[in-house]
Each structure stands twice: as C-alpha cells, then as structure tokens.
Amino acid sequence: MSRQPENVDSPWAAQQGDAIAELSAVTGGLAHEIRNPLATLKVNLQLLAEDWRELSRLDPAASDLVRRSLNRVETMLREADRLAHILDAFLRYSARHEPRRIPCDLSQLVARIAEFVAPQAAAQGVNLECRDADGPLRVAVDDDLLEQALLNLVFNALQAMPDGGTLTIQTRRLPDGRPAIDVIDTGTGIPPDRVGRVFEPYYSTRRGGTGLGLPTARRIVAAHGGHIDVRSEPGQGSMFTIILPADGPP
Ligand SMILES: Nc1ncnc2c1ncn2[C@@H]1O[C@H](COP(=O)(O)OP(=O)(O)OP(=O)(O)O)[C@@H](O)[C@H]1O
Ligand SMILES: [Mg+2]
C-alpha cells in the first residue's frame, strides 16, 4: 500500500495539485462548451413552441395533437433551462476564486443585498432585518465574490421560510476582532444528522436545487482566508456565519 506523503510541498503533492488543476480546467471547459449548443437548443425550442401555438390558433381541428406536441416541447424547454442552471452553478463553483480585494464596508454590502432581496422577502411574508452591531466594518475583500457567497446564504434562508418568518442579516466583530456576517432565519432548520452534509457538493433537499450554493459560498470565503459556521435547530431556524480573518488576508 502506498503511503500518502505528509509534506504538501513534496513532488507527489505537486503532481496531485497539477492533476486537480488540469481536471478542473477540463471540466470547466466542458461546461463552457456545452453552454453554447444548449443556448441554441433553447432558442429553437422556444421558436418551435411559438409555431405550435400559432398552429393551434389557425387550425383548431388539429389542436389536440398540437397541444400534446406543445406540451412535449415545453417539457424539453424546462429540462434545457434546468441544464443551463446546473451548468451555471457548476461554473460558479469551479471558477478560480482569486479575490481582488478592495477596502469595503461590510454593512454597506449587507444593505445592498437586503435591498436586492427585499421584494422576494416581502412576497413570501418574510420580515427582513439588517443590523450592524458594531458600526461600520471596513475589511479588504472582493465585494463581488463576497456578495455572491452571501446571496447564496440569503437565498437558502428565504427558501427555508416558505410560509414567512424573519430573516436577519447582521455584521459584527467577534471578541477576538474578526469581522463576521450572520444570516439568521426562523425557518425549517436542519436535522442534526444532516448539518454536517450541507457543504457537500450536490447535497440538496430542494426540488430544483443544485446543491452547489453552499460549497460555492464556502470556497469563496475560504479564498479570503475565512470560513462559514452553521448552527441550526429543527423547527426553529438556522444561523450561518461568515467569519473573515482579523487583520486582512493571510
Ligand atoms: N438556511 C437553511 N435552512 C435549512 N436548510 C438549509 C439552509 N441552508 C441550506 N440548507 C440545506 O442545505 C442544502 C444545500 O444547500 P445549497 O445552497 O448548497 O444547495 P440548494 O440550496 O439545495 O441548491 P441551490 O443553492 O442550487 O439553489 C439545502 O438543500 C438544504 O437542505
Ligand atoms: Mg442554495
């Protein structure tokens, strides 16, 4: 049995690193390659659906057959949309997350996100609260990337409250000085035996979910030198906390 080297700087580890980098370049390229023909397929299915609608309008006698065909085209369109959604999520996950850090106020970032999701929150009866517990928090981050990570947490929180509740997004400084953002919901919560799985790629309990939202958020936060904590109580809700390093990036 071969022994796994402990030293990450070893030639073995370097080779593994190269192999992983090559594999992710190949799979990323593959996803890009699939996207274009898929887009062509979608446009043509849309045109086909329009033709069939027009046909059934012009010739009501043939409408049964046409309606059946139209249903099939619409099923194909839905599946093509789902494929495009999976590919986009995969590309966001596998992208090289090399943060371009600029000084940014986390409270402002949170306010922007809250403004963006406010209509959806209102539509599902979710009360949205934003707090900056310790005033403005200036941190050098890639705000586009961090926004993407935070949005993934916020969407999950909203999805966990289909019948309303409260979503709190809060910035604060931990006692040791590290900046943190909490996303707190009063939704379904996560059973204790599942909480360890939520960051696994493709783990999803949601119909239509890719299971890549949290792994992507985790990769982005890790690229900033931070991590994400979870606390959850079934039937009570969940709290996901993004914790960033205290003194800027390592
Ligand atoms: N706030 C939350 N409350 C309850 N369960 C959650 C919460 N956040 C995540 N989960 C659980 O973790 C799973 C994985 O989340 P993740 O964001 O990775 O994928 P997803 O939301 O299912 O799909 P996608 O992000 O593509 O929409 C979810 O399906 C859900 O079971
Ligand atoms: Mg999600």
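Residues numbered from 1 in each chain as written. Chains lettered and ligands numbered in written order. Predicted model: local features only at pLDDT ≥ 70, side-chain atom pairs only at ≥ 80, totals over all residues. Heavy atoms only, no water.

Section: the domain arrangement of the chain
On domain assignment, one finds that the chain holds domain 1 (11-94) and domain 2 (102-243). Relative to domain 2, the C-alpha centre of domain 1 lies at a distance of 29 Å. Residue-level contacts link 8 residues of domain 1 with 10 residues of domain 2. Interface of domain 1 and domain 2: buried area, both sides summed, is about 730 Å²; carbon and sulfur atoms make up 61% of it. The largest contributions to the domain 1 side of the interface with domain 2 come from Arg82, Arg92 and Tyr93, which together make up 64% of the buried area. Our count for the domain 1 to domain 2 interface comes out at 0 salt bridges. (Domains from an automatic or database assignment. Contact = heavy atoms within 4.5 Å. Buried area = accessible area lost by both parts, 1.4 Å probe. Salt bridge = Lys/Arg side-chain N within 4 Å of Asp/Glu carboxyl O.)

Structural notes on the environment of Asp132
Within the secondary structure layout, Asp132 lies in strand 2 (residues 126-132). A sequence separation of 72 residues divides Asp132 from Ser204, and the C-alpha atoms of the two residues are 31 Å apart. Those residues in contact with Asp132, other than ones at most four positions away along the chain, are Ser107 and Thr171. (Helix = DSSP H or I, 4+ residues; strand = E, 2+ residues; numbered from the N terminus.)

Focus: the site of ligand 1
With respect to spatial proximity, 22 residues lie near ligand 1, and among them Asn156, Ser204, Thr205, Arg206 and Thr210 are the closest. Interatomic distance of 2.6 Å between a side-chain N/O atom of Ser204 and an oxygen atom of ligand 1. Each residue belonging to the shell around ligand 1 can be placed in one class, and the counts come to 9 nonpolar, 11 polar and 2 charged. (Near = heavy atom within 4 Å. Polar contact = N/O pair within 3.5 Å; in protein donor to acceptor, adjacent residues only side chain to side chain. Nonpolar A, V, L, I, M, F, W, Y, C, P; charged D, E, K, R; others polar.)

Focus: the packing of aromatic side chains
Each aromatic ring pair is characterised by the separation of its centres together with the angle its planes make. Scanning the model with the defined rule gives 1 aromatic pair in all. With centroids separated by 6.4 Å and ring planes inclined at 65 degrees, the aromatic side chains of Phe199 and Phe240 adopt a geometry described as edge-to-face. Here Phe199, found in the loop between strand 5 (179-185) and helix 5 (213-223), pairs with Phe240, found in strand 7 (residues 237-243); they are 41 residues apart in sequence, far enough to count as distant. Judged on exposure class, the residue Phe199 and its partner Phe240 are both buried. Cation over ring: Arg219 sits above Tyr93, and NZ or CZ is 5.3 Å from the ring centre. (Phe/Tyr/Trp six-rings, centres within 6.5 Å; stacked < 30°, edge-to-face > 60°. Buried < 20%, exposed > 50% of the residue type's maximum accessible area, 1.4 Å probe, protein only. Lys NZ or Arg CZ within 6 Å of the ring centre and 35° of its normal.)

Observations regarding the pattern of salt bridges
Evaluated as defined, the whole model comprises 12 salt bridges. Among the ionic pairs, Glu129 bridges to Arg131, the shortest N-O distance being 3.3 Å. The exposure class of Glu129 is partly exposed, given its relative accessible area of 29%. Taken together, the shared-partner salt bridges in this structure form one network comprising Arg112, Asp143 and Glu147.

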